[in-house]
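In case you want the letters, here they are:
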Amino acid sequence: MQGSPQEDFLLKETNPHLGGGKVIGDKLTSTYDLVEQMEYLYVRVVKAKDLPGKDVTGSCDPYVEVKLGNYKGTTRHFEKKSNPEWNQVFAFSKDRLQASVVEVTVKDKDVVKDDFMGRVMFDLNEIPKRVPPDSPLAPQWFRLEDRKGDKVKGELMLAVWMGTQADEAFPEAWLSDGVAVGGVDGLSSIRSKVYPSPKLWYLRVNVIEAQDLQPSDKSRFPDVYVKAILGNEGLTTQVSTSRSINPMWNEDLMFVAAEPFEAPLILSVEDRVAPNKTEVLGRCAIPLKYVDKRVDHKPVNTRWYNLEKLLVEGEKKEGKFNSKIHARISLDGGYHVLDESAHYSSDLKPTAKQLWKSSIGVLELGILNAQGLSPMKTIDGQATTDAYCVAKYGLKWVRTRTIINSLSPKWNEQYTWDVYDPCTVITIGVFDNGNLQGGDGRDSRIGKVRIRLSTLETDRVYTHSYPLLVLQPSGVKKMGEIHLAVRFTCLSLVNMLHMYSQPLLPKMHYHLPLTVLQLNKLRHQATDIVCARLSRAEPPLRNEVVGYMLDLGAQMWSMRRSKANFFRIMGALSGLIAVGKWFDQICNWKNPITTVLIHILFLILVLYPELILPTIFLYLFLIGVWYYRWRPRHPPHMDTRLSCADNAHPDELDEEFDSFPTSRASDIVRMRYDRLRTIAGRIQTVVGDMATQGERLQSLLNWRDPRATALFVVLCFVAAIVLYVTPFQVVALLAGFYVLRHPRFRKKVPSVPLNFFRRLPSKADCML
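Bear in mind the structure is a predicted one, so any value in this text is a computation, not a measurement.

**A short note on the overall build of the chain**
And step 1. Tallying secondary structure elements over the chain gives 14 helices and 32 strands in all.
And step 2. Expected size for 768 residues packed as a compact globule is a radius of gyration near 27 Å; at 36 Å, the chain overshoots this value by more than 25%.
And step 3. By principal-axis analysis of the C-alpha atoms, the chain measures approximately 120 × 90 × 60 Å.
And step 4. The buried share of the chain, taken over its 768 residues, is 40%.
And step 5. A total accessible area of about 43600 Å² is found for the chain, and carbon and sulfur atoms account for 57% of it.

Okay, here's the thing in structure tokens:
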């Protein structure tokens, strides 16, 4: 029973009917595409003419209703217009066709009841089929008929055809999937869209000095610092140590700015006249469009800026004498602005486009469907989900259309990205649209999937069903499965292999490196800007969606994640630990035959030392070839066991989901603090032991213990003479055979060198 949940969290390979063709080996039989074909009935309502009026003026308020079974779509209505033009497209899924006839009716908008003006009916068996790249079907004029089938006044221009989701009319069409959504605004909120990421720059403000400051209190030396403000972010320099009216700083302040540049950079020189009181000595606003851009580490020219003093109401402005500030300000395009975690970034290119290298391949993603989604809300007593997907790679975000009221939605949408680095990650998230009926205005997360491109074989189609796993305070929960098709096509194998020899980040990160603290602060600034810009799009990508995709909050303390990282370290060191245990068995002659063979191998390597490196690399080559048989055949996915999510303690999860600062009761916080102190105490002990060993090494020569240092120095002198007159191979053989000696020649007590080392002094006895 313990294995079933784990099996439910595994990746499942599938065999979908892609592009109307079948997957044969690693290739597609059809040239297009990575999704299953979905057939739709399209009705394009273009315009009408000569519609009859309802009064003596001959005017009417017409609109068109397209009806197919229980599905009904309407155009917008015009007031007092007998020749309206709509140019709207309606798409009905073939899987949900509920009638054999589609009815297009023209109605006159009325307060009490809309009047029937005429209709056109089409038999579904007679509708033509169109498949791109065929040209669009030309619309035709159709005479309106009454309910008896007799011709009446008025004509309607229509085009009706059967097509697929590859049709160019599909993205802007009214879909029967969104029949529960009304109005133009409602339809726009469920359509698929592509969002470009804002172009982000690092803004470097090097504050050098200020001159001729005019503090109000002339009797004291001013404590002056500079505050730089860009949008909602503010940074300050240290207080100048010169304490004069001509202070100097020479400090760098870093911001993130996004095109188009809206907010100016404001530099404010302030004097700290009291612990909680400051005086603004002058400020200036610098539009970023006038700031120099650079693509390398060469500094730009410095400039002097006039400082304007803030005047109190009623105070008169004195003369034209201004204080000045000297600064070097630049937009650094040689950096890559990190808005994602560096461990699974989807883009590593610098900001300046002239520094981009040519693409090495193309990534194609087919978002097919989802199955078994968890209900996220209740409408009229029925649990349901309005699901959509978001994918992020590079500078392009994509959002699929929202499928209304379905726990097994089918999207079958395909997207393409240029790939500039194979060591990048694409992220696909599934969300519930909370801005439709029954929603709370927030888009709830259902789960996400990450796929690292370097783990994919080129030109192979991967079709898998990925579990959507979400960590909740109650534990890990499977929210459903998402079905994806992925293909990474390589344009140049030589260029792709060359990328493995290049630095991971642009060269500017190494010529003028930023500290870890700076990168963390700048990443938060970048994510805030991306969230703000994408939330202003239509339909918006909301803050909770962008934050979940960019993995905000991953740096918060988590006991579960700390355990997982510890086990990851142990897993990475498991090979060395296994080698150490194996060597210990060799030294203790657990298997005499193996030990004798090791003796022979050691003797050969000592006598022929030129074979040591070839032997090591040949051994690594053979290991790699041997493991090729068991190479991974599927992309990696979220691992609950690796994440320690399958057996996490409820209190640890509650602590992980706690807000910052905490919102829990004081007794719970006290218990968690004591637990953290216990863990920190163990870490403190280990760090202290490591420091002790290092100090003992130093004490070999620092004469802290004069007898021990004297013994060590004399021993070194004797060893130098012996090693000078003795061939190195003899010394190596004697040392190797001593280490590999038989257990009957060993003692239980520690060796003499170890006893000597443990007796050396350290600074532990100087600690308070």
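**Focus: the pairing of strand β31 (residues 461-472)**
And step 1. Taken across its 12 residues, β31 has 11 buried, putting it largely inside the fold.
And step 2. With 2 bridges joining them, strand β1 (residues 12-13) and β31 adopt antiparallel strand pairing. Opposite E13, over in β31, you have H464 as the bridge partner.
And step 3. Here β31 pairs with strand β32 (residues 475-490) via 12 bridges, running antiparallel. By the bridge assignment for β32, Y466 is matched with I482.

**Considerations on the side chain of S192**
And step 1. Within the fold, S192 resides in the loop between α2 (183-188) and β13 (193-196).
And step 2. Setting aside chain neighbours within four positions, we find S192 in contact with R399, T400, R401, E413 and Y415.

**What to know about the pattern of salt bridges**
And step 1. Taken as a whole and judged by the stated rule, the model has 43 salt bridges.
And step 2. A salt bridge links K107 to E65; the nearest nitrogen and oxygen atoms lie 3.5 Å apart. With a gap of 42 residues between them, K107 in strand β8 (residues 101-108) and E65 in strand β5 (residues 62-68) connect regions that are remote in the sequence. Judged on exposure class, the residue K107 and its partner E65 are both buried.
And step 3. When salt bridges with common partners are traced through the structure, they connect D651, D654, E655, D658, R664, R672 and R675 into a single cluster.

**Some words on unusual backbone geometry**
And step 1. P260 follows E259 through a cis peptide bond whose omega is -5°.
And step 2. The residue after E538, namely P539, is reached through a cis peptide bond having omega -5°.
And step 3. As for its placement among the helices and strands, P539 is situated in the loop between α5 (516-535) and α6 (543-549).
And step 4. Located in the positive-phi region is R243, a residue other than glycine, with phi close to 50°.
And step 5. Here R243 shows up in the loop between β16 (233-236) and β17 (248-258).
And step 6. In this structure R243 comes out as partly exposed when scored by relative accessible area, which is 39%.
And step 7. One non-glycine residue, C644, lies in positive phi territory at about 55°.
And step 8. When you line up the elements, C644 lands in the loop between α9 (612-627) and α10 (650-656).
And step 9. The class of C644 is buried, set by a relative accessible area of 10%.

**A closer look at a nonpolar patch on the surface**
And step 1. A cluster of nonpolar side chains, namely I593, V596, L597, I600, L603, I604, L607, Y608, L611 and F737, defines an oily patch on the protein surface of about 880 Å² accessible area.
And step 2. The dominant element in the nonpolar patch, judged by the number of residues it contributes, is helix α8 (residues 592-607), at 7 residues.
And step 3. Mapped onto the elements, L603 comes out in helix α8.

**Considering the packing of aromatic side chains**
And step 1. The final tally for this structure, using the stated rule, is 15 aromatic pairs.
And step 2. A centroid spacing of 5.2 Å and a plane angle of 10° characterise the contact between Y42 and W161, whose relative ring orientation is stacked. Taken together, the residues Y42 in strand β4 (residues 39-49) and W161 in strand β11 (residues 151-164) connect sequence positions 119 residues apart.
And step 3. A residue is classified by how much of its surface remains accessible, and W161, at 3% relative accessible area, is buried.
And step 4. Here the aromatic rings of F431 and Y548 are separated by 5.8 Å at their centres, their planes lie at 85°, and the arrangement is edge-to-face. In this pair, F431 sits in strand β29 (residues 425-432) while Y548 sits in helix α6, placing the two residues 117 residues apart along the sequence.
And step 5. For Y548, a relative accessible area of 11% puts it in the buried group.
And step 6. Aromatic rings pair up to connect Y40, Y42, W161 and F170 into one cluster.
And step 7. Residue placement shows K49 over the ring face of W141; its charged tip is 4.4 Å from the ring centre.
And step 8. Here R147 stacks its cationic end above the ring of F116, 4.1 Å away from the centre of that ring.

**Quick look at the UniProt feature "transmembrane region" (unreviewed entry) in the chain**
And step 1. Here the UniProt feature "transmembrane region" (unreviewed entry) sits at residues 566-583, 595-628 and 710-740.
And step 2. A helix fraction of 100% and a strand fraction of 0% characterise residues 566-583, whose end C-alpha atoms lie 25 Å from each other.
And step 3. Taken end to end, residues 595-628 has its terminal C-alpha atoms 29 Å apart, with 85% of it in helix and 0% in strand.

**Description of the sheet that holds strand β15 (residues 224-230)**
And step 1. Taking strand neighbours across the sheet as the criterion, the 4 strands line up as β16-β15-β18-β19 in an open arrangement whose pairing is antiparallel. The sheet terminates laterally at β16 and β19 (277-286), the two strands that pair on one side only. When the angles between neighbouring strand axes are averaged without regard to direction, this sheet yields 25°.
And step 2. Two strands pair when backbone bridges link them, and strand β18 (residues 265-274) and β19 are joined in this way by 9 bridges, in the antiparallel orientation. The residue of β19 that forms the bridge with S268 is R283.

Criteria and cut-off values
- Residues numbered from 1 in each chain as written.
- Predicted model: local features only at pLDDT ≥ 70, side-chain atom pairs only at ≥ 80, totals over all residues.
- Heavy atoms only, no water.
- Helix = DSSP H or I, 4+ residues; strand = E, 2+ residues; numbered from the N terminus.
- Rg over C-alpha atoms; globule rule 2.2 N^0.38 Å.
- Buried < 20%, exposed > 50% of the residue type's maximum accessible area, 1.4 Å probe, protein only.
- Areas by Shrake-Rupley, 256 points an atom, 1.4 Å probe, with all protein chains shown as cover.
- Pairing = 2+ DSSP bridges.
- Contact = heavy atoms within 4.5 Å.
- Salt bridge = Lys/Arg side-chain N within 4 Å of Asp/Glu carboxyl O.
- Patch = residues over 30% accessible without salt bridge, like charges linked within 9 Å, V, L, I, M, F, W, Y side chains within 5 Å.
- Phe/Tyr/Trp six-rings, centres within 6.5 Å; stacked < 30°, edge-to-face > 60°.
- Lys NZ or Arg CZ within 6 Å of the ring centre and 35° of its normal.
- UniProt positions renumbered as here; feature names shortened; annotations may be inferred.
- Axes fitted to C-alpha atoms, helices over the stretch in contact; angles between N-to-C directions.

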